[in-house]
Amino acid sequence: MNDNGITYVDGSIVGPTLGHGDTSPTTLFLSGDYAGEVEKYFTGGSLNTWILGAETGLASDMKMCDSVFNKGLLALLYETISLAESFGLRPELMKAWSLNKDVVAHASVKNDRLNRSARKADRFVGEMKEVADTLAACPALPAAAATEARDIYARLARFKPDGVPPSEAAIVAAILLSD
């Protein structure tokens, strides 16, 4: 219950869009006193549910924690391939990543995540602002990485989900374009 006496359940969705053939799970995180009541409406579907506790806000906090890593790491990958491009090494870096299954970048390259996520970048701009605000509220942690990730996604926001899939070269060109 909030200060105004309103009862609510906090929820956040983490994972790929349902129905796009992705094998990764999509999870609806719930928190609040009535999370169990809400959860029952989602049982039996393709969306996993996970109750985090009675404290409202935990589901939103889970989303921020997931985004700090997954969207932050993805922004770092975009920045890295753009740096490699500026050195004339992008094809070699991408090949090295595709061959080395032990590097974190391998999964993103293998699953064409760089291209798929570029078409959702306009959505990620606002999400990374929320992440930066969340980090700023925790004085022990710097928020700069989230702010920089937001800037990367802002450069990619020209690519739209229903538009033509951008090439790797177009993605890099958008990132290297100075404002």
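Residue indices follow the written sequence of each chain, beginning from 1 at its first position. With pLDDT at 70 or above as the cut-off, local features in this predicted model cover only qualifying residues; side-chain atom pairs require 80 or more to be listed or tallied, and sums for whole chains, interfaces and linings still use all residues. In computing side-chain values, all of the structure's heavy atoms are included and hydrogens and water are not.

Chemist: Could you give me a rundown of the overall build of the protein chain, with the residues and numbers involved?
Modeler: The helix count covers DSSP runs of H or I at least four residues long, the strand count covers runs of E at least two residues long, and both are numbered beginning at the N terminus. The helix and strand tally for the protein chain stands at eight helices and three strands. Reading the secondary structure of the protein chain in the N-to-C direction produces β-β-α-β-α-α-α-α-α-α-α. The C-alpha extent of the protein chain, read off along each of the three principal axes, is 60 × 40 × 35 Å. Burial classification: accessible surface area is computed with a 1.4 Å probe over protein chains only, and a residue below 20% of its type maximum counts as buried, one above 50% as exposed, and the rest as partly exposed. Put simply, the protein chain has 179 residues, and 32% of those count as buried. Of all intrachain contacts in the protein chain linking residues separated by at least 6 positions in sequence, the fraction that spans at least 24 positions is 49%. Any two residues having at least one pair of non-hydrogen atoms within 4.5 Å are treated as being in contact.

Chemist: Provide a residue-level description of the pattern of salt bridges, including the pertinent values.
Modeler: Salt bridges are defined as contacts in which a side-chain nitrogen from Lys or Arg sits within 4 Å of a carboxyl oxygen from Asp or Glu. This structure, assessed with the given rule, holds eight salt bridges. We note a salt bridge from Asp-122 to Lys-160, for which the minimum N-O separation is 3.9 Å. One end of the pair, Asp-122, is in helix H6 (residues 121–136); the other, Lys-160, is in the loop between helix H7 (144–156) and helix H8 (168–176), with 38 residues separating them in the sequence. Counted as one network, the salt bridges with shared partners bring together Lys-63, Lys-71 and Glu-127.

Chemist: An account of the sheet that holds strand S1 (residues 10–14) is needed here, citing residue identities and associated values.
Modeler: Whether parallel or antiparallel, the strands of a sheet pair through hydrogen bonds between backbone atoms. DSSP-based pairing: two strands are paired if at least 2 bridges between them are found. Spatially, S1-S2-S3 is the arrangement adopted by the three strands of the open sheet, whose pairing is mixed. The open sheet has two edge strands, S1 and strand S3 (48–53), and neither has a second partner. Between one strand axis and the next, the sheet turns by 25° as a mean value, whatever way the strands run. Judged from the five bridges that link them, strand S2 (residues 27–31) and S3 form a sheet pairing that is parallel. Pairing of Leu-30 across the sheet is with Ile-51, part of S3. Helix-sheet contacts for helix H2 (residues 58–86) involve S1, S2 and S3, and the interaxial angle to S1 is about 25°. Fitted lines through C-alpha atoms give the axes, limited to the stretch in contact for helices. The angle between two N-to-C directions lies from 0 to 180 degrees.

Chemist: Before we move on, could you go through H8 and cite the residues and values that matter?
Modeler: Within the sequence span of H8, burial applies to Ile-171, Val-172, Ala-174 and Ile-175. Along H8, the residues classed as buried sweep out an arc of 160° about the axis, all on the same side. Those residues of H8 that are buried are in contact with H2, helix H3 (90–99), helix H5 (113–118) and H7. Arc definition: directions from the helix axis to the C-beta atoms.

Chemist: Which residues make up the packing of aromatic side chains, and what values do they have?
Modeler: For this analysis, a ring pair means two rings from Phe, Tyr or Trp (six-membered ring only for Trp) whose centres lie within 6.5 Å, classed as stacked if their planes differ by under 30 degrees, edge-to-face if by over 60, and tilted for the remaining angles. What the rule picks out here adds up to three aromatic pairs. Seen from their ring centres, Phe-29 and Trp-50 are 5.3 Å apart, and the 40° between their planes marks the pair as tilted. Here Phe-29, found in strand S2, pairs with Trp-50, found in strand S3; they are 21 residues apart in sequence, far enough to count as distant. Exposure remark for Phe-29: the relative accessible area of 6% places this residue in the buried category. Residue classification places Trp-50 among the partly exposed residues on the basis of a relative accessible area of 47%. Grouping aromatic residues by their ring pairs yields a cluster made of Tyr-78, Phe-124 and Tyr-153.

Chemist: Got a sec to walk through the confidence of the model for the protein chain? Specific residues and values, please.
Modeler: Note on scores: pLDDT gives the predictor's confidence for each residue, bounded by 0 and 100. Mean pLDDT for the protein chain: 90, with 96% of residues reaching 70 or above. Averaged pLDDT values over the elements of the protein chain bottom out at 83 in helix H4 (residues 105–110) and peak at 97 in S2.

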